[in-house]
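This is what each chain is made of:
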Amino acid sequence: MTPDLHTKVARVQSCGCFQGNKNQVKRLQQQRSGLLRRMIKSTDSRLKPTDRSKAKPKKKRDNDEPKLVERPQGSSAMFFQYNTQLGPPYHVLVDTNFVNFSIKNKLDIIKTMMDCLYAKCIPYITDCVVAELEKLGQKYKLALRIIKDPRFERLHCMHRGTYADDCLVQRVTQHKCYIVATNDKDLKRRIRKIPGVPIMNVAVNRYVIERMPDAFEPMSKK
């Protein structure tokens, strides 16, 4: 406490008209306690219990403590945004509507894939894609006959249900060696969120590839 403030308090208290200066003494005492809280630590023995409780430091809340966040492990195939597992022969995961669009445009799936990528392509069909085509009925007999070609590799599914989109997304998330062939807008939107996975779709009388690394693009496009 500064000596001037201490002198003022003593002078007011020694004055004969103490009752008249009650408010002034109270104001000076508040200033003195404020100075004590600012100048003396809360652990100092000179502080009164009431002042010590006011000057007690605030405890940290539970929300202020750092939280541990678990993140999925990144694929070893990824070099930044570049997928090192892509290369000929290409492994192409075929979706249900990709087969149907190929039939409507009268495209040979394997031949048109090779014309698009200028390399050998191995189409893969999962059990859930076959189940979806079987559920569609007699109209899609030709699609079933095409995917049962021995050149199509069959992938067995261990999950429950026959929803193919979730299966394809899970496979390309775990294994980065696949290209997803689909014309489904929702599935393409989900695949685009996964880094390093190219998408093949059916355009007018040909296949189009997107998100393909520059090292494996056809030479005619460079």
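The coordinates are above.
For the structure given in this document, a descriptive report is provided here. (Residues numbered from 1 in each chain as written. Predicted model: local features only at pLDDT ≥ 70, side-chain atom pairs only at ≥ 80, totals over all residues. Heavy atoms only, no water.)

What to know about the sheet that holds strand β5 (residues 153-155)
Part 1: Reading across the sheet, the six strands line up as β5-β4-β3-β6-β7-β8 and stay open at both edges, with mixed pairing between neighbours. For this open sheet the edge positions go to β5 and β8 (206-210), each flanked by a neighbour on one side alone. Pairs of neighbouring strands in the sheet enclose a mean axial angle of 35 degrees, with direction left out of account.
Part 2: Two elements, strand β7 (residues 199-203) and β8, share five bridges in a ladder whose sense is antiparallel. (Pairing = 2+ DSSP bridges. Helix = DSSP H or I, 4+ residues; strand = E, 2+ residues; numbered from the N terminus. Axes fitted to C-alpha atoms, helices over the stretch in contact; angles between N-to-C directions.)

Notes on the pattern of salt bridges
Part 1: Taken as a whole and judged by the stated rule, the model has six salt bridges.
Part 2: Arginine 154 is the partner of aspartate 127 in a salt bridge, and the nearest nitrogen-oxygen pair spans 2.7 Å. Residue aspartate 127 is located in helix α6 (residues 127-135), and its partner arginine 154 is located in strand β5; the two are separated by 27 residues in the primary sequence.
Part 3: Judged by relative accessible area, which is 44%, arginine 154 ranks as partly exposed.
Part 4: Of the charged contacts, one joins aspartate 149 and arginine 151 as a salt bridge, the two residues approaching to 3.2 Å between their closest N and O atoms.
Part 5: With relative accessibility at 24%, the residue aspartate 149 sits in the partly exposed group. (Salt bridge = Lys/Arg side-chain N within 4 Å of Asp/Glu carboxyl O. Buried < 20%, exposed > 50% of the residue type's maximum accessible area, 1.4 Å probe, protein only.)

Observations regarding helix α5 (residues 109-117)
Part 1: Considered for burial, the residues of α5 that qualify are Ile109, Ile110, Thr112, Met113, Cys116 and Leu117. Each buried residue of α5 lies within a common arc of 165 degrees when the element is viewed along its axis, so the set occupies one face.
Part 2: Immediately beyond the C-terminal end of α5, within one or two residues, lies tyrosine 118, with a positive phi of roughly 55 degrees. (Arc of directions from axis to C-beta.)

Some points on the packing of helix α8 (residues 164-174) against helix α9 (residues 185-192)
Part 1: For the pair α8 and α9, the least separation of the axes is 11 Å and the interaxial angle reads 20 degrees. As judged from the angle between their axes, α8 and α9 are roughly parallel. Of the two elements, α8 crosses α9, and the hand of that crossing is right-handed. On α9, the residues that touch Asp165, Asp166, Leu168, Val169 and Val172 of α8 are Leu187, Arg190 and Ile191.
Part 2: Its residues assigned to classes, the contact of α8 with α9 shows five nonpolar, no polar and three charged. (Parallel < 35°, antiparallel > 145°, perpendicular 65-115°, else oblique. Left-handed = near helix turned anticlockwise from the far one by under 90°. Contact = heavy atoms within 4.5 Å. Nonpolar A, V, L, I, M, F, W, Y, C, P; charged D, E, K, R; others polar.)

A look at the nonpolar core
Part 1: Grouped together as the largest cluster of nonpolar side chains are 33 residues, with contacts concentrated most on Phe98, Met113, Leu117, Ile179, Met200 and Tyr207.
Part 2: If you tally residues by element for this core, the top one is α5, at five residues.
Part 3: Beyond its immediate chain neighbours, meaning those up to four positions away, methionine 200 contacts Phe98, Met113, Cys116, Leu117, Ile179, Val180, Ala181, Thr182, Tyr207, Val208 and Ile209.
Part 4: With 14 residues, the next largest nonpolar core counts Leu93, Leu155, Leu187 and Ile199 among its residues. (Core = buried A, V, L, I, M, F, W, Y, C linked by side-chain atoms within 4.5 Å.)

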